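Understanding the architecture of this molecule
Spelled out from the first residue to the last, the chains are:
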Amino acid sequence: MNIHEYQAKELLEKFGVSTTPGSVATTPEEAERVARALGTNNLVVKAQIHAGGRGKGTFKSGFQGGVHLCKTAGQARDLAEQMLGQTLVTHQTGPDGRKVNKVLVSTSVEISRELYFAITIDRAISAPVIVASTEGGVEIEKVAADMPEKIVRMPIDPLLGLQPYQTRKLARQLGFPSAEMRAACKLFASLYRLFIACDCSMVEVNPLVVTKGGDVLALDAKFNFDDNALFRHPEILDYRDLAEEDPREVQASKSHLSYIGLDGNIACLVNGAGLAMSTMDIIKYYGGEPANFLDVGGGATEQQVTEAFKILVADSSVKAILVNIFGGIMKCDIIARGIVNAAKIVNLSVPLVVRLEGTNVEAGRKILAESGIPLISGIDIADAARKVVAAAAPKAA
Amino acid sequence: MSILVDKNTRLLVQGITGKAGGFHARSCMEYGTNVVAGVTPARGGELFEDKVPVFDTVREAVKETGCNATMIFVPAEFAADSILEAVDAGIPLVVCITEGIPVLDMMRVRAGMQGSHSRLIGPNCPGIITPGQCKIGIMPGYIHKPGNIGVVSRSGTLTYEAVWQLSERGYGQSTCIGIGGDPINGTSHLDAVKLFNEDPDTHAIVLIGEIGGSAEEEAAAWLAMHCKKPVAAFIAGTTAPPGRRMGHAGAIVSGGRGTAESKRKALEAAGIAVAETPAVMADTLIGLMKK
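Residues numbered from 1 in each chain as written. Chains lettered and ligands numbered in written order. Predicted model: local features only at pLDDT ≥ 70, side-chain atom pairs only at ≥ 80, totals over all residues. Heavy atoms only, no water.

**Some details on the nonpolar core**
Counting 100 residues, the largest nonpolar core has Ile136, Val193 and Met246 of chain B as its most contacted members. Broken down by element, this core gets its largest block of residues, eight residues, from helix 13 (residues 381–392) of chain A. With residues near it in sequence (within four places) discarded, Met246 of chain B still touches Ile260, Ala273, Met277, Met280 and Phe293 of chain A together with Ile211, Ala240, Pro241 and Ala251 of chain B. Counting residues in each nonpolar core, the second largest holds 73 residues, with Ile156 and Leu162 of chain A together with Ala76 and Met107 of chain B among its members. (Core = buried A, V, L, I, M, F, W, Y, C linked by side-chain atoms within 4.5 Å. Buried < 20%, exposed > 50% of the residue type's maximum accessible area, 1.4 Å probe, protein only. Helix = DSSP H or I, 4+ residues; strand = E, 2+ residues; numbered from the N terminus. Contact = heavy atoms within 4.5 Å.)

Written as structure tokens, this is what we have:
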């Protein structure tokens, strides 16, 4: 789950992480009020969408850039007016762009130094690890590849947590002079507290800045939250913005289906994440392109299978569907009934290839055969993949 | 022979009175697993299926029944506590089926298990089976066949697919372990292949991995140095887009690490035959065994 920049700022403030003052606005008037209350001539107005590349983006209205510096509350108001209600296209949004419903108005600062700071889980040692670098504001993967000596890694004992001496050690490794050390240590400790308290899987501050005035601030922060832990964080679930998500994925999550939209034209419906990934792989291996990842899970109901089908056929780029089920807990007859039900409800206009194996497979095949639904049977996973790729290919004239 | 579980396994089921726990406890019993006890707090004194005693705590179950393995079906929010309870009671083998446990909970469980003598399999896994002897988990028992191939995998249904292919071709299994799809788990690929390597009745190994992390690479490095048995592998997720979690919490490619390509290269460098597609997992191993 992703959150907006202004929400990230709220979280940072809640945990005492120093950041630039600012607030969100939904109207130009509100933007003006926020700017005035900040009481400074150094302002920045930023469009709030989840995609990156906002500064270099273009609004469909023709207005350039989703991030602007300005000097007065009146200018902040004018900028907000240009952005709110308009659609911003960036290299990450795709050509459709995203509608801007909110802007963040905050103080801009004069930067003397930019650093990178992140906390994530290192699976190899089953512990949190801080990854930091003096080279901030740029792509950290590039730094890691070109100048690995500039990356500092500090594993943290899961039961002890981040100790004060570790924050001092880190501050020194990152070149903070004595005068800035206290502020840097406080920032590291607060971010670690936030990471644990909110069940994050990653917190990334890029850049972490030292201002010309000597303040140490988290200028922008990205959060990834552990989906498995959201049940104990209703306050974070409230941050979810469905308008920013793929509508197919939103629909799927309502039915507790694990769905990820992709760019191809062969839809797949599979039980189990590993088998679902492998099914995508074998489609590609035989020259096709998967339209999605869809795991109906180990214990899907007939209704979930029907819902899954609705999502697949609603996608106009889909030219064929592959159902690949290895029945364990999930019984093949349940899947078969779901397919028959779905075929009654939705208009199945594309070829359907079905491969069933495992628990109650005979009953499942019988249900499908007797339903009269036109479908192509796959004998095994390779046969099914070859057939669905052939079915999706454009017909020769 | 086999690894970890056999005819002498005496199984406890934590969460036996729940819907999933009860269903799968029954299915394990039908397969022939010796289920000797259940635990559900505040339900002590009941009998499951008119014969299996239910206890309030794991410690009581161990004392009264001598159970030496446990299968956990407790809901995700309480599962970490159930694992620690089983470890505290000294159960040597803890199999956690539960999916959706928060990563930070598993991180603390791992840290808390340091120095204990228990082995954890899972969480978010199908379990472990020694065909014909003992099934602990949710896998369909009938697709398995006693034999000499060891199977270790992060995935559930993809493992069934591999086992099915092996059984269909007449190759039975010594033991099949599903280690689970979470980023932090108890038993790794490396732990499992070490056990298979030591087991005289395991003659060859199938290793099934997926994108994310570096567990397959670690197993590959060890296998290259220490294992003389034929090993075939498959890695799921070649087509997965970076930055997206593919169902399993562990299956995510980030910062260019943990890709299917890098895993395949590491495995091949270790002399392991990597199946081109999931359809030829068994054939890849069989081809290797015939060489």
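Still more to cover.
**What to know about the environment of Leu269 of chain A**
Residues and elements named next belong to chain A. Within the fold, Leu269 resides in strand 15 (residues 266–270). With a relative accessible area of 0%, Leu269 lands in the buried category. The spatial distance from the C-alpha of Leu269 to the C-alpha of Asp146 is 41 Å, given a sequence separation of 123 residues. Leave out the neighbours within four places in its chain, and Leu269 touches Leu294, Val296, Val305, Ala308, Phe309, Leu312, Leu322, Val323, Asn324 and Ile325.

**Here's the deal with the packing of aromatic side chains**
Summed over the entire model, instances satisfying the criterion amount to eight aromatic pairs over all chains. With centroids separated by 6.4 Å and ring planes inclined at 20°, the aromatic side chains of Tyr192 of chain A and Phe195 of chain A adopt a geometry described as stacked. You can see Tyr192 of chain A and its partner Phe195 of chain A sitting in helix 6 (residues 178–197), three residues apart, about one turn around the helix. With respect to class, Tyr192 of chain A is no different from Phe195 of chain A; both count as buried. Their ring planes at 75° and their centres at 6.0 Å tell us that Phe326 of chain A and Trp164 of chain B sit as a pair that is edge-to-face. Taken together, the positions of Phe326 of chain A in strand 17 (residues 320–327) and Trp164 of chain B in helix 5 (residues 157–168) put the pair across two chains. For Trp164 of chain B, a relative accessible area of 19% translates into the label buried. Taken together, the ring pairs in this structure connect Phe117, Phe176 and Phe188 of chain A into an aromatic cluster. Sitting above the plane of the Phe176 of chain A ring, Arg113 of chain A keeps its charged end 5.0 Å from the centroid. (Phe/Tyr/Trp six-rings, centres within 6.5 Å; stacked < 30°, edge-to-face > 60°. Lys NZ or Arg CZ within 6 Å of the ring centre and 35° of its normal.)

**Remarks on the pattern of salt bridges**
Tallied over the full model, the rule gives 33 salt bridges over all chains. Between Arg232 of chain A and Asp105 of chain B there is a salt bridge whose closest N-O contact spans 2.8 Å. Of this pair, Arg232 of chain A sits in the loop between strand 13 (221–225) and helix 7 (234–237) while Asp105 of chain B sits in helix 4 (residues 103–112), which puts the two residues in different chains. A salt bridge links Lys387 of chain A to Asp383 of chain A; the shortest N-O distance between them is 2.9 Å. With Lys387 of chain A and Asp383 of chain A both in helix 13, this residue pair falls four residues apart, about one helical turn. Given the relative accessible area of 28%, Lys387 of chain A is considered partly exposed. Connected through salt bridges with shared partners, the residues Glu29, Glu32, Arg36 and Arg77 of chain A form a single ionic network. (Salt bridge = Lys/Arg side-chain N within 4 Å of Asp/Glu carboxyl O.)

**Thoughts on the side chain of Lys9 of chain A**
All names here are of chain A. Structurally, Lys9 can be placed in helix 1 (residues 5–14). Among buried charged residues, Lys9 stands out as having no salt bridge; its nearest opposite-charge side chain is Glu13, 5.5 Å away. Contact partners of Lys9, with chain neighbours within four places excluded, come to Thr19, Thr20, Gly22, Leu104 and Ser106. (Lys, Arg positive; Asp, Glu negative; His and termini not counted.)

**A few points about the packing of helix 2 (residues 28–38) of chain A against helix 3 (residues 73–83) of chain A**
Residue and element names in this part refer to chain A. It is the contact of helix 2 with helix 3, at a shortest axis distance of 8 Å, that shows an interaxial angle of 150°. Comparing the axis directions of helix 2 and helix 3 gives the class roughly antiparallel. Seen along the crossing, helix 2 lies across helix 3 with a hand that is right-handed. For the pair formed by helix 2 and helix 3, the contact residues are Pro28, Glu29, Ala31, Glu32, Ala35 and Arg36 on the first element and Ala73, Ala76, Arg77, Ala80 and Glu81 on the second. Among the residues making up the contact of helix 2 with helix 3, the classes are represented as six nonpolar, no polar and five charged. (Axes fitted to C-alpha atoms, helices over the stretch in contact; angles between N-to-C directions. Parallel < 35°, antiparallel > 145°, perpendicular 65-115°, else oblique. Left-handed = near helix turned anticlockwise from the far one by under 90°. Nonpolar A, V, L, I, M, F, W, Y, C, P; charged D, E, K, R; others polar.)

**Some points on the sheet that holds strand 3 (residues 47–48) of chain B**
All names here are of chain B. Pairing is mixed in the open sheet, where seven strands are placed in the order 3-4-2-1-5-6-7. Sheet topology places strand 3 and strand 7 (119–121) at the edges, where each strand pairs with a single neighbour. Relative to strand 4 (residues 52–55), strand 3 runs antiparallel, the two being bridged by two bridges. Looking across to strand 4, one finds that Phe48 is bridged to Val52. (Pairing = 2+ DSSP bridges.)

**Points about the pairing of strand 11 (residues 200–211) of chain A**
It is a general feature of regular strands that their side chains alternate between the two faces of the sheet. All names here are of chain A. Here strand 11 lies mainly inside the structure; nine of its 12 residues are buried. Pairing between strand 11 and strand 13: five bridges, direction antiparallel. Residue Glu204 lies in a different strand from strand 13, and its bridge partner there is Lys222. Examined bridge by bridge, strand 11 and strand 12 (residues 216–218) share three bridges and lie antiparallel to one another. When the bridges of strand 12 are listed, Val210 appears paired with Val216. Counted between consecutive antiparallel strands, the loop separating strand 11 from strand 12 contains four residues, among which Gly214 sits at a positive phi close to 90°.

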